[in-house]
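# Overview (structure and organization)
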Amino acid sequence: MTAATPNVTLRRALLSVSDKAGLVDLGQALAARGVELVSTGGTAKALREAGLVVRDISDLTGFPEMMDGRVKTLHPMVHGGLLAVRDNPEHAAAMAEHAIGAIDLVVVNLYPFEATVAKGAARDEIIENIDIGGPSMVRSAAKNHAYVTIVTDPADYAALLAELEASGGATTYGFRKLMAAKAYAATAAYDAAISQWFSKVDQEELFSPVRVMGTTLVTELRYGENPHQQAALYLPRGPHISGIAGAVQVQGKELSYNNYADADAALELVAEFRDGPPTVVIVKHANPCGVATGATLAEAYEAALQCDSVSAFGGIIAVNRPLDGPTAEAISGIFTEVVVAPAADDAARAVFARKKNLRLLLSGPLPDAHRPGLTTKIIAGGVLVQERDNGHVTADMLKVVTARAPSEQELADCMFAWTVAKHVKSNAIVYAKGGVTAGIGAGQMNRRDSSRIAAMKAAEAAEKYDWAQSRTVGSAVASDAFFPFADGLLAAAEAGATAVIQPGGSIRDDEVIKAADEAGLAMVFTGMRHFRH
């Protein structure tokens, strides 16, 4: 087909919709143009109740709707009218021989499968909401878009009517082609939702032979990671967890790709403290640069900021409590890109209203940090899929491997540092003391350098704030993976750390343990690592 393909005047329309929004107005507009309306079940009833003349599908096919509506449109009188190539002599002859009338417009939206699953319906009800006839009509009409117009989204009714108004009761090939593309996307997403449901309830293996996922475009973004890259935000179809993608933006300029990525990193980390004391996370380039708990959010923010106030400039902040005015005042003291909170009171909103470029995102309830799920990563020629890192350890799971066991405070610091380290790019080293990060070393090619960088940042903070000593003195240090050599651990000891938490499992564990004993450190093994590439 080319742009010269003739317009198609609408003479007969088949309407069969689950979502009745806008149906009557559409039916009235079509009838006013002399379009014959053919319909099924509840759709026909709704149109008749509005005073419209409707031909039943059973009248068209010569067969009644049967089997609780499972069989009604799966018939040659329907699909012949949809699939016939109008200017093909053989097709025209077949239509004439079997008295098959052409159908010019199909308006279909499908059984509410996803909504049925979301409400927790029983299996039998879910199965009954798998549409068969609808997708079949959609695909037939879309395939034959050279002659047939298919509309699957009530939001497109207005565009259809505008098309008819502009083209004298006809549709253009360009419009039909656009609607066909949307139709195939709709049936693909529908089938994806069904496939995912079967995978979740019946799958014996974690990774199904074919993995499909339907998503819906939310918005195009200003640009991607860099201005020369285009980007967009999509949401998964059907139920999805609360999070950054669905957060409500209260104020501020449009979010960029990097804003979303960093805000997600901040929210995922603060979610680890969902049930804990007031906690503030500051993230820069997807890495935490300060995390702290406190008696109040304002107190926690000040402590988190002091960990690395240089990196915090232009950062992303997430909190685990509704944001209050005093915390907002403190945050507004430096340039901040995005603040993420479950909610915000009027005082906090008023403070941020003075910062027109600052984005305030309200996420609602924080997600469960330990929820199951899969993550994907696109690589050249393929897709890597893995379970999300929802692993966590408790104090009773730790193995003391040094002569000295950690004190109660050291153990608490170890657990805090370990939680933060899970969200730091590898190689990750985190010093923490009293529920506050003292220094964070991220993304280095060796663990010793991460230890030194984290200690250096802590030393700079001590100098800036005129502390008597660095916060690393008397701290616990967490390593996201084992120390392959003793050098990284010794660098932490030099910085004043007194306790270490790490996975263990190196062929040199004995050497590292010996070094820890000689340095007077207490060290525990988790048996679990948290690489984050």
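It should be noted that the structure appears before, not after, this text.
Okay, so let's go over this structure. What you see is a predicted model, and the numbers here were worked out from it, not measured in a lab.

Our next topic: the packing of aromatic side chains. One pass over the full model with this rule turns up six aromatic pairs. Taken together, a centroid distance of 6.3 Å and an interplanar angle of 70° make the contact between F113 and Y190 edge-to-face. Taken as a pair, F113 in helix α6 (residues 113–118) and Y190 in helix α10 (residues 173–202) lie far apart in primary sequence, 77 residues in all. Residue classification places F113 among the buried residues on the basis of a relative accessible area of 2%. Residue classification places Y190 among the buried positions, given a relative accessible area of 4%. Aromatic pair F313 and F335: ring centres 5.4 Å apart, planes at 55°, arrangement tilted. Highlighted residues: F313 in the loop between α13 (309–312) and β13 (315–319) and F335 in the loop between α14 (325–331) and β14 (336–341), separated in sequence by 22 residues. For F335, a relative accessible area of 41% corresponds to the partly exposed category. Members of the aromatic cluster, connected to one another through ring pairs, are F113, Y190, W197 and F198.

Where helix α17 (residues 447–464) meets helix α18 (residues 486–494), the closest approach of the two axes is 7 Å, and the angle between their N-to-C directions is 10°. Looking at the two axes, α17 sits roughly parallel to α18. Of α18, the residues touching α17 (which contributes R448, S451 and R452) are D487, G488, A491 and A492. Looking at side-chain class alone, the contact of α17 with α18 contains two nonpolar, two polar and three charged residues.

So, on to helix α8 (residues 133–143). Because an α-helix completes one turn every 3.6 residues, residues spaced three or four positions apart along the sequence face the same direction. Counting buried residues in α8 gives eight out of 11 residues, a clear majority hidden from the surface. What α8 keeps buried is the set G133, G134, P135, M137, V138, S140, A141 and A142.

Here we come to a nonpolar patch on the surface. Taken together, the side chains of L206, F207 and L374 define a hydrophobic patch exposed on the protein surface, amounting to about 250 Å² of accessible area. By the element assignment, L206 lies in the loop between α10 and β8 (215–220).

Strand pairing in a sheet relies on backbone hydrogen bonds, with the paired strands running either antiparallel or parallel. In spatial order, the strands read β10-β15-β14-β13-β11-β12; together these six strands make up an open sheet with mixed pairing. The open sheet is flanked by β10 (248–251) and β12 (287–293), the only strands paired with a single partner. Neighbour-to-neighbour, the strand axes of the sheet open up by a mean angle of 20°, direction not taken into account. Pairing of β10 with strand β15 (residues 359–362) involves three bridges; the strand directions are antiparallel. Each residue of the ladder has a partner; that of Q249, found in β15, is L361.

The subject of this paragraph is the sheet that holds strand β3 (residues 36–39). With parallel pairing, the five strands of this open sheet are ordered in space as β4-β3-β2-β5-β6. Because the sheet does not close on itself, it has two edges, and the strands there are β4 (55–56) and β6 (149–151).

Here we come to the layout of surface pockets. To find leftover empty space, one rolls a probe the size of a water molecule over the atoms. The computed volume of the second largest pocket comes to approximately 640 Å³. E114, T152, D153, A186 and R237 are the residues nearest the centre of the second largest pocket, which is lined by 26 residues in total. Listing elements by their share of the lining of the second largest pocket, those giving two or more residues are β5 (105–109), α6, α10 and β8. Considering each element in turn, the lining of the second largest pocket owes the most residues, six residues, to α10. Residues of the lining of the second largest pocket, tallied by class, amount to 14 nonpolar, seven polar and five charged.

Okay, the nonpolar core next. Grouped together as the largest cluster of nonpolar side chains are 49 residues, with contacts concentrated most on L30 and I150. The dominant element in this core, judged by the number of residues it contributes, is α10, at eight residues. Excluding anything up to four places from it in sequence, L30 contacts L10, A13, L15, V35, L37, L105 and L164.

We now examine the side chain of S475. Mapping S475 onto the fold places it in the loop between α17 and β21 (476–479). By relative accessible area, which is 1% here, S475 ends up buried. Among all residues touching S475, those that are not within four sequence positions of it are Y431, A432, K433, G496, A497, T498 and A499.

Opposite charge on two side chains makes pairing possible when the charged atoms of those side chains draw close. Following the criterion strictly, the structure yields 18 salt bridges and no others. The shortest N-O distance in the salt bridge between D156 and K182 comes to 2.7 Å. Here the residue D156 occupies a position in the loop between β6 and α9 (157–166), and K182 occupies one in helix α10, the gap between them amounting to 26 residues. Here E410 ties to R404 by a salt bridge, and the two come within 2.9 Å at their closest N and O atoms. Connected through shared salt-bridge partners, R12, E36 and R55 make up one network.

What follows covers the packing of helix α4 (residues 76–83) against α8. Describing two packed helices takes the angle between their axes plus the distance from one axis to the other. At a minimum axis distance of 8 Å, the contact between α4 and α8 shows a crossing angle of 25°. Between α4 and α8, the interaxial angle falls into the category roughly parallel. Residues V78, H79, L82 and L83 of α4 lie in contact with α8, whose contacting residues are S136, M137, S140, A141 and K143. Within the contact of α4 with α8, the residues separate by chemical class into five nonpolar, three polar and one charged.

Calculation criteria
- Residues numbered from 1 in each chain as written.
- Predicted model: local features only at pLDDT ≥ 70, side-chain atom pairs only at ≥ 80, totals over all residues.
- Heavy atoms only, no water.
- Phe/Tyr/Trp six-rings, centres within 6.5 Å; stacked < 30°, edge-to-face > 60°.
- Helix = DSSP H or I, 4+ residues; strand = E, 2+ residues; numbered from the N terminus.
- Buried < 20%, exposed > 50% of the residue type's maximum accessible area, 1.4 Å probe, protein only.
- Axes fitted to C-alpha atoms, helices over the stretch in contact; angles between N-to-C directions.
- Parallel < 35°, antiparallel > 145°, perpendicular 65-115°, else oblique.
- Contact = heavy atoms within 4.5 Å.
- Nonpolar A, V, L, I, M, F, W, Y, C, P; charged D, E, K, R; others polar.
- Patch = residues over 30% accessible without salt bridge, like charges linked within 9 Å, V, L, I, M, F, W, Y side chains within 5 Å.
- Areas by Shrake-Rupley, 256 points an atom, 1.4 Å probe, with all protein chains shown as cover.
- Salt bridge = Lys/Arg side-chain N within 4 Å of Asp/Glu carboxyl O.
- Pairing = 2+ DSSP bridges.
- 1 Å grid on protein atoms, 1.4 Å probe; cavity = no way out; pocket = protein on both sides within 12 Å on 5 of 7 lines; lining within 4 Å.
- Points joined across faces, edges and corners; volume = space filled by probe spheres on them.
- Core = buried A, V, L, I, M, F, W, Y, C linked by side-chain atoms within 4.5 Å.

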